[in-house]
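Here is what each chain is made of, one letter per residue.
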Amino acid sequence: MSSPRVVSLAPSATATVTALGAAETLVGVTHHCDTPDDAGAAHGTESPAPVGGWLNPDLDRVAELAPDVVLTSDGLQSDLADDCRERGFAVRHREPATLDEVIATFAARGADVGRPEAGDRLAAEARDRLDRIADAVADRPRPTVYCEEWSDPPMAAGNWVPDAVRAAGGRYPFVEPGERSREVALATVERADPDHVIVHVCGHGDRVDPATVEERDWAVDAPVHVIDDSLLNQPSPALVDGVERLARLLHPGTESYS
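Fair warning: this is a prediction, and the values are worked out from it, not measured in the lab.

A. The packing of helix H5 (residues 116–137) against helix H10 (residues 238–250), seen in detail. Between H5 and H10, whose axes approach to 10 Å, the crossing angle comes to 10 degrees. Between H5 and H10, the angle is such that the two are roughly parallel. Only Val240, Asp241, Val243, Glu244 and Ala247 of H10 make contact with H5, whose side of the interface consists of Ala126, Arg129, Leu130 and Ile133. Here the residues of the contact of H5 with H10 are counted per class, giving six nonpolar, no polar and three charged.

B. Just the state of the cysteines, in detail. Within the structure shown, the criterion is met by zero disulfides. Not part of a disulfide, Cys147 finds its nearest cysteine sulfur in Cys202, a span of 14 Å. Taking the relative accessible area as the measure of exposure, Cys147 reaches 0% and is therefore buried. Between Cys202, a free cysteine, and Cys33, which holds the nearest cysteine sulfur, the sulfur-to-sulfur gap is 14 Å. With a relative accessible area of 40%, Cys202 lands in the partly exposed category.

C. Structural context of the pairing of strand E9 (residues 196–199). Burial along E9 is two-sided: His196 and Ile198 facing one way and Val197 and Val199 facing the other are all buried. In terms of strand pairing, strand E6 (residues 145–151) meets E9 through four bridges, oriented parallel. Opposite Tyr146, over in E9, you have Val197 as the bridge partner. The pairing of E9 with strand E10 (residues 224–226) spans three bridges and is parallel. Across the sheet, residue Val197 finds its bridge partner in E10, namely Val224.

D. Representation of the pattern of salt bridges within the structure. Tallying each qualifying case throughout the model produces eleven salt bridges. The closest approach of N and O atoms between Glu64 and Arg61, which form a salt bridge, is 3.1 Å. Taken together, the residues span about one helical turn, with Glu64 and Arg61 both in helix H2 (residues 59–64) at a distance of three residues. Judged by its relative accessible area of 30%, Arg61 falls in the partly exposed class. Salt-bridge contacts for Glu179 lead to Arg182; the nearest nitrogen and oxygen are separated by 2.6 Å. Judged by its relative accessible area of 34%, Glu179 is partly exposed. Judged by its relative accessible area of 36%, Arg182 is partly exposed. It is possible to trace a salt-bridge network through shared partners that takes in Arg94, Arg109 and Asp112.

Rules of the game
- Residues numbered from 1 in each chain as written.
- Predicted model: local features only at pLDDT ≥ 70, side-chain atom pairs only at ≥ 80, totals over all residues.
- Heavy atoms only, no water.
- Axes fitted to C-alpha atoms, helices over the stretch in contact; angles between N-to-C directions.
- Helix = DSSP H or I, 4+ residues; strand = E, 2+ residues; numbered from the N terminus.
- Parallel < 35°, antiparallel > 145°, perpendicular 65-115°, else oblique.
- Contact = heavy atoms within 4.5 Å.
- Nonpolar A, V, L, I, M, F, W, Y, C, P; charged D, E, K, R; others polar.
- Disulfide = S-S within 2.5 Å.
- Buried < 20%, exposed > 50% of the residue type's maximum accessible area, 1.4 Å probe, protein only.
- Pairing = 2+ DSSP bridges.
- Salt bridge = Lys/Arg side-chain N within 4 Å of Asp/Glu carboxyl O.

In short, shape yes, function no, at least from these values alone.
Rendered as structure tokens:
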């Protein structure tokens, strides 16, 4: 069976396809995607062609790549997915909102790129890792955690992040699982009296000075941890790495799961 020609317009889709061992199918990716050295190898290319940004890709360039399937993700790409369908592309749009839905997406992406067994295996491995974390933190006190996805203005992280905090053994009273991230008043964070502040500013990796939050004019006395935003903001296998990272921060000494 020949490998499909895959264009990924979402960094999370690219990361998931890579984790599936199917990066060789990629013939096009955005400037924001990270790809391994063998990406595109199944189609005789040294690397996938860049097709622009994840919100404004060049669809004429995508058409030139003759994709068998185009991958999109997130509600912000819903209109883009529609535009791709209007051009006749076979689009596989995945829009997970909770941790469970993210894990289910791993299996779906396997089917999207002709690797269903790899998708099922990746999803099962992720659930097994989460089960090990749950066992490790089961009898521990649950600290209150505030996760900040954006800092100007402060935004409390939503979507799957509340699930991730709870899976890591914490409490997250700011946004319900599956709801979008939202602006939060500093007084709201103060009243919650968090034990930990997690900063994962979208698009900044781990290149955020914690002092910008530590020295904020608020009555919060908690350690500030800056982590790579891909560990919490991206609905890919990196999110499971993020849950493990959170568990280590919230519950030092419970690393037997990793």
